[in-house]
Amino acid sequence: MADLKNMIAQLEQVALEPAKAVAGIKSEGKKVVGMFPLYLPEEIVYAAGMIPVGMWGGQTEIKLADRYLQSFCCSIIRADLEMGMRGTYNMLDGVIMATYCDTLKCVCEDWKVAVPQIPFIPMVYPQNRNIQPAIEYMKAEFSRVQAELEKIAGTTVTEEKLEAAWEVYEAYRAACRKFVKLVEKMPKTLNAKTRHLILKASWFMDKKVYTEKLNAIMEAIEAAPAEEFNGTKVVVEGIMTEPLALLDAFVENNVCIIADDLAHESRQFRTVGRTEGTVYERMAYRIADAKGDALLYEEMKTKGQFLIDLVKDSKADGVVVCMMKFCDPEEYDYPIFKVELEEAKVPMLYMEIEQKMDSVEPLKTRIQSFAEMLS
Amino acid sequence: MEQKEKISSKEMLNNLMANHYKSAMEAKANGELVAWSTSIAPQELLETMDIKVVYPENHAAAIGARKEAQKFIDDAEGRGYSIDLCSYARVNIGYKNIQYADAENIPLPDFIFSCDNICHTVLKWYENLAKDLNIPLIVFDMPFNHTYDVPDHAVKYMKGQIEEAIKRLEKISGKKFDHDRFREVMEQSNKTSQMWKDASMVAKAKPSPLNGFDLFNYMAAIVTSRGTKEGYELFKRWKEELEEKAAAGLGPWKPGEEEKFRVMWDGIACWPYLGPTYKGLKNNGINMVTSTYPDSWTILYETGDVDGMARAYSSNYVNRNLNYGVDNIVNLINEFSLDGVVFHSNRSCKLMDFRQYEVQREVEERTGVVSVIFDGDQTDPRAFSTEQYNTRIQAFLEMLENRKEERRKG
């Protein structure tokens, strides 16, 4: 058990001090490429011998980014631009951004002017993603991005290297899928905050190393006895669940995150890769095959049913919607799945969050009331 | 013999719009297919198939101008739509539920036609409509051009979607797509687009015969009638009128009302406050000569060239990079001899807003013109204050006057 705690603490530390973790990678002589939200071709970065790291904002004062963005802009993206301008990201050897929403389209352009010191690779994923021309388009984009990355890495990416990177990423994704299910066995040890930090650590590590560490944690969990839990189990939905004080409120009220539909967490790894085709094709189909994601167009929006099934499968007591304020795609999905959850009689708590909040106290009260209502 | 007096372009516009709404309602009543479409979508396909189409953005604007947006917005917000989302979307989603407006009425659609060259928002908004109404949704995804021009692999992807859309339209309508008719519609659409552009270009004359707020009115027709001869005839008449005024040296307003300053408007109108926004400028002798509207519907390509058509649709300025956005405005400033730019920081439109500050800086630096940004919204009446607007315009006026004085002194 002491071992398990130690192993978990190691990953938590990575998530709590990302700059240190990234500096550690750099000190090994590896180049590091920043990944804007949401889904990017990390396999190509990895195949080029570099380490992709996450850029999901942070709790920072916004001063410089006000030169480019009005106040009604997503707090993650504002924080990213702020830190880019401030030089916080200067250790990055490159940054990739894809234009998944209107805000990202604009910030893609602002970034070029505001943060000229870091090599920048903009790209586009198609939205009409289930037709063959979209697959071909993605392959062309991957190829273009690969050429840019090769320049930064000073190396050539081969199909063998791509295959190896794909294997690393599929193993990482499989491990994460297994991990989120293990929360059910140890809902106390893997409380809302710990679960988040363990998953977050993956954004600042070599995925191969991360997967080994996560597998070791899972082995220890499998060997340990199951924990008694009398609290509330919920599915969380949204982009991400920060600030951390928000997760403290879950823990304080004995609310366990039994499953998630977060862009920052499960949406990264829940779609299983296909086994046929080239690596580029498999990467493209992971986007084409994704379901119930606000950032990916879907003619017959399946998110509501997806959440209902997730609640059922994970035996959750309800859903907590963590709405990242000013995220248009998420805000459009909400009224649709709200009706579907109500019809299915799934209890739901809706909370608007921002990465930097003056106070999370009102949210704490709401989490507490929701937990009391469900208990 | 007495010469029959020509009908004015304003009357033609009114007739055309009245018929647009009326014929859509009749088509629905007769059991014909009706589509809802975004405002800059490849309407050529629908026109070729002779499918009636109405445009929710136009309709929301009409509702906004009639000052009845709030009840529709309230309905949408009551269903969980955030106040931070596009107000056209909130109005339209409210309308879908309420289904009656004093301004105009549109029939509910049998399918949806959505092109994201104008924003990502329309993908989500129309996705919701299709889900709520349980009807097919045809999407044209036009990848954002972070490069100056439209890349070839994006053209290929868009062409693939046009081909896909034709198959789906054949299935939905049960009719065969007529490629000869398609060519005719392409030709007509180009002619109408060009005439719309030509009419707007008459405003280059000094003083401008065009009061640019008219662009907001005529815009309704370039959206609804780009593929038709009626649209072409309307803009031709409008152009003739403007040319006659220009030849007579007439300005935008009544004789004696001098056009002291010429500016452009960046972004969408504030429909619920057309009067105050117009008067705030006009009362100070500021004429809005042009805007980003004329080029938005100047969609030109060779007849029969589907690649060119895809490229043209993807070339809308909001779908292109910062350099293009800046060049676009700089060109307008030069072509129309402008003194300044009015930027509408439109609470509804993140895609227009979040580049605006940088565009403003670069445009001012390259041209030396002055500019102002004001806060507003395209249809949400709560997001605009006439008093604040007038204060901004007063400051703008001072900058315009100072610049004029400096230039006079050399």
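In every chain, residue numbers begin from 1 and rise along the written sequence. Both sets of labels track the order of writing: A upward for chains, 1 upward for ligands. Local features are withheld for residues below a pLDDT of 70 in this predicted model, meaning they are given only at 70 or higher, and side-chain atom pairs are given and counted only at 80 or more; totals for whole chains, interfaces and linings count all residues. To obtain the side-chain values, all non-hydrogen atoms of the structure were included, while hydrogens and water were left out.

With respect to the pairing of strand E4 (residues 120–123) of chain A
Two faces, one strand: in a regular strand the side chains alternate between the faces of the sheet.
Residue and element names in this part refer to chain A.
Turning to step 1, where the next piece is worked out: Covered by surrounding structure in E4 are Phe120 and Pro122 together with Ile121 and Met123, the residues of both alternating faces.
Turning to step 2, where the next piece is worked out: Between any two strands, pairing holds if DSSP finds at least two bridges. Secondary structure elements follow DSSP: runs of H or I of four or more residues count as helices, runs of E of two or more count as strands, with numbering from the N terminus. In this structure, strand E3 (residues 94–98) lies alongside E4, joined through four bridges in parallel fashion. Within E4, the residue paired with Ala98 across the bridge is Met123.
Turning to step 3, where the next piece is worked out: You can see the chain leave E3, run along helix H5 (residues 102–114) and come back into E4, and the turn it takes is right-handed. Each residue is placed in one exposure class: buried if its accessible area under a 1.4 Å probe, protein chains only, is under 20% of its type's maximum, exposed if it is over 50%, and partly exposed if it falls in between. A crossover gets the label right-handed when its path from the first strand over the helix to the second runs clockwise, viewed with the strands pointing away from the viewer.

Some points on the pairing of strand E1 (residues 34–37) of chain B
Residues and elements named next belong to chain B.
Turning to step 1, where the next piece is worked out: Across the two faces of E1 the burial is the same, with Val34 and Trp36 and Ala35 and Ser37 all buried.
Turning to step 2, where the next piece is worked out: Here three bridges tie E1 to strand E2 (residues 52–54), and the two strands are oriented parallel to one another. Opposite Trp36, over in E2, you have Val54 as the bridge partner.
Turning to step 3, where the next piece is worked out: The handedness of the E1 to E2 crossover, carried by helix H2 (residues 43–48), is right-handed.
Turning to step 4, where the next piece is worked out: The pairing of E1 with strand E3 (residues 111–115) spans three bridges and is parallel. By the bridge assignment, Trp36 is partnered in E3 with Ile112.

Some points on helix H1 (residues 9–29) of chain B
All names here are of chain B.
Turning to step 1, where the next piece is worked out: Given a rise of 1.5 Å per residue, 21 residues ought to cover 30 Å, and the 30 Å separating the end C-alpha atoms of H1 matches this to within 8%.
Turning to step 2, where the next piece is worked out: Along H1, the positions that sit buried rather than exposed are Ser9, Met12, Leu13, Leu16, Met17, His20, Tyr21, Ser23, Ala24 and Ala27. An end-on view of H1 places all buried positions within 165 degrees of arc, on one side of the element. Exposed residues pointing more than 90 degrees away from the buried face of H1 are listed as Asn14, Lys22 and Ala29.
Turning to step 3, where the next piece is worked out: The contact criterion used throughout is that any non-hydrogen atoms of two residues lie within 4.5 Å. Contacts made by the buried residues of H1 are with E1, E2, helix H3 (56–65), helix H9 (213–224) and helix H10 (229–247). Each helix should span, by expectation, one fewer than its residue count multiplied by 1.5 Å. Directions pointing from the helix axis toward each C-beta atom define the arc.

Some remarks on the environment of Val185(B)
Residues and elements named next belong to chain B.
Turning to step 1, where the next piece is worked out: Relative to the assigned elements, Val185 resides in helix H8 (residues 179–201).
Turning to step 2, where the next piece is worked out: For Val185, a relative accessible area of 1% puts it in the buried group.
Turning to step 3, where the next piece is worked out: Taking C-alpha positions, Val185 is 36 Å from Pro207, a pair spaced 22 residues apart along the chain.

A word on the sheet that holds E4(A)
Residue and element names in this part refer to chain A.
Turning to step 1, where the next piece is worked out: Spatially, four strands are ordered E2-E1-E3-E4 in an open sheet, and the strand pairing comes out parallel. Pairing within the sheet leaves two strands with one partner each, and these edge strands are strand E2 (51–54) and E4. Between one strand axis and the next, the sheet turns through 25 degrees on average, direction left out of account.
Turning to step 2, where the next piece is worked out: For strand E1 (residues 32–35) and E2, the ladder comprises four bridges, and the chain directions are parallel. In the sheet register, Val33 faces E2, and the bridge partner there is Pro52. Whenever a helix is involved, its axis is fitted only over the stretch in contact; in every case the axis is a line through C-alpha atoms, and angles between N-to-C directions fall within 0 to 180 degrees.

A word on helix H14 (residues 322–335) of chain B
All names here are of chain B.
Turning to step 1, where the next piece is worked out: When the terminal C-alpha atoms of H14 are compared, their 20 Å separation across 14 residues agrees well with the 20 Å that a helix rising 1.5 Å per residue should span.
Turning to step 2, where the next piece is worked out: Of all 14 residues in H14, ten are buried, a share of seventy percent or more.
Turning to step 3, where the next piece is worked out: Leu322, Tyr324, Gly325, Val326, Asp327, Asn328, Ile329, Val330, Leu332 and Ile333 are the residues of H14 that are buried.
Turning to step 4, where the next piece is worked out: Where H14 begins, the side chain of Asn321 points an oxygen toward the backbone nitrogen of Asn323, at a separation of 3.3 Å. Polar contact is defined as a pair of N or O atoms within 3.5 Å, subject to the rule that within protein one atom must be able to donate a hydrogen and the other to accept it, and that residues adjacent in sequence are counted only when both atoms are side-chain atoms.

What to know about the packing of aromatic side chains
The geometry of an aromatic ring pair is captured by the separation of the ring centres together with the interplanar angle, meaning the angle of the planes.
Turning to step 1, where the next piece is worked out: Side-chain rings of Phe, Tyr and Trp, where Trp is taken by its six-membered ring, are said to pair if the distance between their centres is within 6.5 Å; with planes under 30 degrees apart they count as stacked, over 60 as edge-to-face, and otherwise as tilted. Applying the stated criterion across every chain yields a total of 36 aromatic pairs over all chains.
Turning to step 2, where the next piece is worked out: Geometrically, the ring pair formed by Tyr172(A) and Tyr210(A) is edge-to-face, given 6.1 Å between the ring centres and 65 degrees between the ring planes. Taken together, the residues span a long stretch of sequence, with Tyr172(A) in helix H7 (residues 159–182) and Tyr210(A) in helix H9 (residues 207–223) at a distance of 38 residues.
Turning to step 3, where the next piece is worked out: For the pair Phe113(B) and Phe140(B), a centre-to-centre distance of 5.0 Å together with 70 degrees between the ring planes defines the contact as edge-to-face. Taken together, the residues span a long stretch of sequence, with Phe113(B) in strand E3 and Phe140(B) in strand E4 (residues 137–140) at a distance of 27 residues.
Turning to step 4, where the next piece is worked out: With relative accessibility at 1%, the residue Phe140(B) sits in the buried group.
Turning to step 5, where the next piece is worked out: Connected via pairs of aromatic rings, a cluster forms that spans Phe213(B), Phe216(B), Trp265(B), Trp271(B), Tyr273(B), Tyr278(B), Tyr293(B), Trp297(B), Phe374(B), Phe384(B) and Tyr389(B).

Considerations on the sheet that holds strand E6 (residues 255–262) of chain A
Residues and elements named next belong to chain A.
Turning to step 1, where the next piece is worked out: On the basis of which strands lie adjacent, the open sheet formed by four strands has the order E6-E5-E7-E8 and parallel pairing. Both outer strands of the open sheet, E6 and strand E8 (348–353), are each paired with one neighbouring strand and no more. For this sheet, the mean inter-axis angle between neighbouring strands, taken without regard to orientation, is 25 degrees.
Turning to step 2, where the next piece is worked out: The sheet contact formed by strand E7 (residues 318–324) and E8 spans six bridges and is parallel.

Some words on a positive patch on the surface
Residue and element names in this part refer to chain B.
Turning to step 1, where the next piece is worked out: Surface patches are defined over residues having more than 30% relative accessible area and no salt bridge, joining like charges when they lie within 9 Å and nonpolar side chains (Val, Leu, Ile, Met, Phe, Trp, Tyr) when within 5 Å. Each accessible area is a Shrake-Rupley estimate made with a 1.4 Å probe; only the visible protein chains count as cover when residues are assessed. Any Lys or Arg side-chain nitrogen found within 4 Å of a carboxyl oxygen on Asp or Glu counts as a salt bridge. The positive count covers Lys and Arg only, the negative count covers Asp and Glu only, and His and the chain ends enter neither. The atom standing in for a charge is NZ when the residue is Lys, CZ when it is Arg, CG when it is Asp and CD when it is Glu. A surface patch of positive charge is lined by Lys206, Lys260, Lys404 and Arg407.
Turning to step 2, where the next piece is worked out: One can find Arg407 in helix H17 (residues 386–409).
Turning to step 3, where the next piece is worked out: The class for Arg407 is exposed, based on a relative accessible area of 56%.

Some thoughts on the interface of chain B and chain A
Turning to step 1, where the next piece is worked out: Listed as interface residues are 49 residues of chain B and, on the opposing side, 52 residues of chain A.
Turning to step 2, where the next piece is worked out: Between chain B and chain A lies a buried interface of about 4,700 Å² when both sides are counted; carbon and sulfur atoms form 60% of it.
Turning to step 3, where the next piece is worked out: In this structure, Lys131(B) engages Glu340(A) in a salt bridge whose closest nitrogen and oxygen atoms are separated by 3.5 Å.
Turning to step 4, where the next piece is worked out: If you list the elements that add at least two residues to the side of chain B that touches chain A, you get helix H6 (121–133), E4, helix H7 (152–173), helix H15 (350–353) and helix H16 (356–367) of chain B.
Turning to step 5, where the next piece is worked out: Of the residues forming the side of chain B that touches chain A, the biggest block, nine residues, is contributed by H6(B).
Turning to step 6, where the next piece is worked out: For the side of chain B that touches chain A, the residue count by class is 19 nonpolar, 13 polar and 17 charged. Buried area is a sum: the accessible area each of two parts loses on coming together, probed at 1.4 Å, counted once for each and added. Ten residues, namely Ala, Val, Leu, Ile, Met, Phe, Trp, Tyr, Cys and Pro, are considered nonpolar, four, namely Asp, Glu, Lys and Arg, are considered charged, and the remaining ones, Gly among them, are considered polar.

By themselves, these observations are geometric and do not establish any function.
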